[in-house]
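Each chain, letter by letter, is given below.
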Amino acid sequence: MLTNQRHLFSLDSDICYLNNAFMAPSLKSVEEAGIAAVKAKNNPYHLGVTDFYDPVIDLKKEFAKLVDCDDHERIVSLASVSYGISTVAHNTCLNHGDEILLAEEQFPSNVYAWTRRAKQSGACIRFAEAGEGNSRGRDWNVNLLEMINDRTAVVSIGNIHWADGTLFDLKAIREKTKKHNALFIIDGTQSVGALPFSIKEIKPDALICAGYKWLMGPYSTAIGYFGEYFDQGIPIEENWYNRINSEQFADLVNYREEYKPKAGRFAVGESSNFILLPMFKKALEQLNVWTPLAIQEYCKSITTNACEQLRALGCWIEEDQHRAHHLFGVKLPSHMDKDELKQKFAQHNIHVSMRGEFVRISMHVYNTEEDLNTFINVLKQ
Ligand SMILES: Cc1ncc(COP(=O)(O)O)c(C=O)c1O
């Protein structure tokens, strides 16, 4: 069982930070890697050809380990989730009348690329709606599964909903998409790193994750997995790095038609980012030491009492089996004044996110049960 790890972070001591889903604070080790990397640029003559490739391979291996994937060549560095999903959408074959299935109110980076492709191809977007009342999460899954049919070309959703933590049943969705020959694309941004995820088990066609939340890396990093469906895909930008044999610097103007194999063809230009990449790698190393399972269990252990108390106060929280424990929404009693509450949170240095009718709280191994109590005490006031 993990114990509290706040000593590994430089978070201000008087802050109650329940907003990892917005942005993770840097680990000290990540900060140090970043400073060393910034300093290294003072003397760029130390950089050799292998520095453009080896750290990228190490990063891929670290992520492959985190998501239980045997082949690091199926992992690729991306610039953002929108970049990754655009790459996926541009390489998804869509015909007139096909359906693209998303969850309602999912994050826009996993919507806009699909709306563009739908317009181009005559496919249509369908949104699976959340359930009502106490069976919100359960019915959301039922609705989603019922909407998968022979017209479904692709289902592209998160492992959990980004605003309220509702868990989507990936195994069941994978099974049904296979049955109907539909692709299954996962935006793992709000879960991978803090919730166990296995490529071997789920076998998605692609998984895309931002680096700066549950992967604990710097902003402007993202990483993805691409399955065999995309092996002949075309990247959304033409850079030298993702062409075959780009390692041969002296021969770069011997232009090549062919891309790197597997996911390597989708690598973002300047993938070997000498500052962000060492930071990202340090973060992933730490996650692999902690393990997503232990992080999830830690979050559960510090929130179990809090959820009981919040429910007793009249707040609604999704049934435990249909939500994550590192991120969930707290629906406030209707009489509560949200603007006043926001002011109170600010006065007490409490950082959460207001998402629609929910207060989204999200935590990590730097949080304690005490943080949850601080949050509850303000609600009680
Ligand atoms: C579910 C989800 N996906 C993606 C992102 C970020 O997308 P992008 O990297 O395109 O900015 C966020 C940010 O909050 C998110 O919550």
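### Describing the pairing of strand β5 (residues 152–158)
The element β5 is largely enclosed, with a buried count of 7 among its 7 residues. The pairing of strand β3 (residues 99–103) with β5 spans 3 bridges and is classified as parallel. By the bridge assignment, Glu-99 is partnered in β5 with Thr-152. Bridge count for β5 against strand β6 (residues 183–187) is 5 bridges, and the pairing is parallel.

### Describing the packing of helix α10 (residues 338–347) against helix α11 (residues 369–380)
Orientation of α10 relative to α11, taken along the N-to-C sense of each, is 140°, at an axis distance of 10 Å. By the criterion of interaxial angle, the relationship of α10 to α11 is oblique. Crossing angle aside, the handedness with which α10 passes α11 is right-handed. Here α10 contributes Leu-341, Lys-344 and Phe-345 to the contact with α11, which in turn contributes Phe-375, Val-378 and Leu-379. In terms of residue class, the contact of α10 with α11 is built from 5 nonpolar, no polar and 1 charged.

### With respect to the nonpolar core
Formed by 117 residues in total, the largest nonpolar core has its most connected members in Phe-63, Leu-207, Leu-215, Ile-361 and Phe-375. Here this core gets 8 residues from one element, more than from any other, and that element is helix α9 (residues 292–312).

### Description of the pattern of salt bridges
According to the stated counting rule, one finds 17 salt bridges in the structure shown. Here Asp-251 ties to Arg-256 by a salt bridge, and the two come within 3.1 Å at their closest N and O atoms. For Asp-251, a relative accessible area of 28% gives the class partly exposed. Relative accessible area serves as the criterion here: at 18%, Arg-256 is assigned to the buried category. The partner of Glu-285 in a salt bridge is Lys-281, with the nearest N and O atoms 3.3 Å apart. With Glu-285 and Lys-281 both in helix α8 (residues 276–290), this residue pair falls 4 residues apart, about one helical turn. With relative accessibility at 24%, the residue Glu-285 sits in the partly exposed group. Linked through salt bridges whose partners overlap, the residues forming this network are Asp-68, Asp-70 and Lys-200.

### Looking at the sheet that holds strand β9 (residues 327–331)
Strands sit in the order β9-β12-β11 across an open sheet of 3 strands; the sheet is antiparallel. Where the open sheet ends on each side, the last strands, each with one partner, are β9 and β11 (353–355). Adjacent strand axes in the sheet meet at a mean angle of 35° when their direction is disregarded. Here β11 runs beside strand β12 (residues 358–362); their pairing, made up of 3 bridges, is antiparallel. The residue bridging Met-354 from the neighbouring strand is Val-359, located in β12.

### Side note on helix α4 (residues 112–121)
Among all positions of α4, only Ala-113, Trp-114, Arg-117, Ala-118 and Ser-121 are buried. Angularly, the buried residues of α4 cover 135° about the axis, an arc narrow enough to put them on a single face. Within α4, the exposed residues directed more than 90 degrees away from the buried face are Tyr-112, Arg-116 and Lys-119. Those residues of α4 that are buried lie in contact with α3 (81–90), β3, β4 (124–128), β5 and β6. Looking one or two residues past α4, Gly-122 carries a phi angle of roughly 85°, positive in sign.

### A few points about the site of the ligand
Close to the ligand lie Ser-80, Val-81, Ser-82, Phe-107, Ser-109, Trp-162, Asp-187, Thr-189, Gln-190, Tyr-212 and Lys-213, which account for all nearby residues. The contact in question runs from an oxygen atom of the ligand to an N or O atom on the backbone of Val-81, over 2.8 Å. Contact distances for the ligand include 3.0 Å between an oxygen atom and a side-chain N or O atom of Gln-190. Relative to its free-state accessible area of 400 Å², the ligand is covered by the protein chains to the extent of 87%. Of the residues contributing to the shell around the ligand, the split by class is 4 nonpolar, 5 polar and 2 charged.

### A closer look at the environment of Phe-280
Within the element layout of this structure, Phe-280 appears in helix α8. Residue Phe-280 is classed as buried on the basis of its relative accessible area of 2%. Along the primary structure Phe-280 and Thr-87 are separated by 193 residues, whereas in three dimensions their C-alpha atoms are 21 Å apart. In contact with Phe-280, not counting residues within four places along its chain, are Leu-59, Gly-211, Leu-215, Gly-217, Pro-218, Thr-221, Ala-222 and Ile-223.

What counts and how
Residues numbered from 1 in each chain as written. Predicted model: local features only at pLDDT ≥ 70, side-chain atom pairs only at ≥ 80, totals over all residues. Heavy atoms only, no water. Buried < 20%, exposed > 50% of the residue type's maximum accessible area, 1.4 Å probe, protein only. Helix = DSSP H or I, 4+ residues; strand = E, 2+ residues; numbered from the N terminus. Pairing = 2+ DSSP bridges. Axes fitted to C-alpha atoms, helices over the stretch in contact; angles between N-to-C directions. Parallel < 35°, antiparallel > 145°, perpendicular 65-115°, else oblique. Left-handed = near helix turned anticlockwise from the far one by under 90°. Contact = heavy atoms within 4.5 Å. Nonpolar A, V, L, I, M, F, W, Y, C, P; charged D, E, K, R; others polar. Core = buried A, V, L, I, M, F, W, Y, C linked by side-chain atoms within 4.5 Å. Salt bridge = Lys/Arg side-chain N within 4 Å of Asp/Glu carboxyl O. Arc of directions from axis to C-beta. Near = heavy atom within 4 Å. Polar contact = N/O pair within 3.5 Å; in protein donor to acceptor, adjacent residues only side chain to side chain. Areas by Shrake-Rupley, 256 points an atom, 1.4 Å probe, with all protein chains shown as cover.

Worth remembering: the numbers are spatial, not functional.
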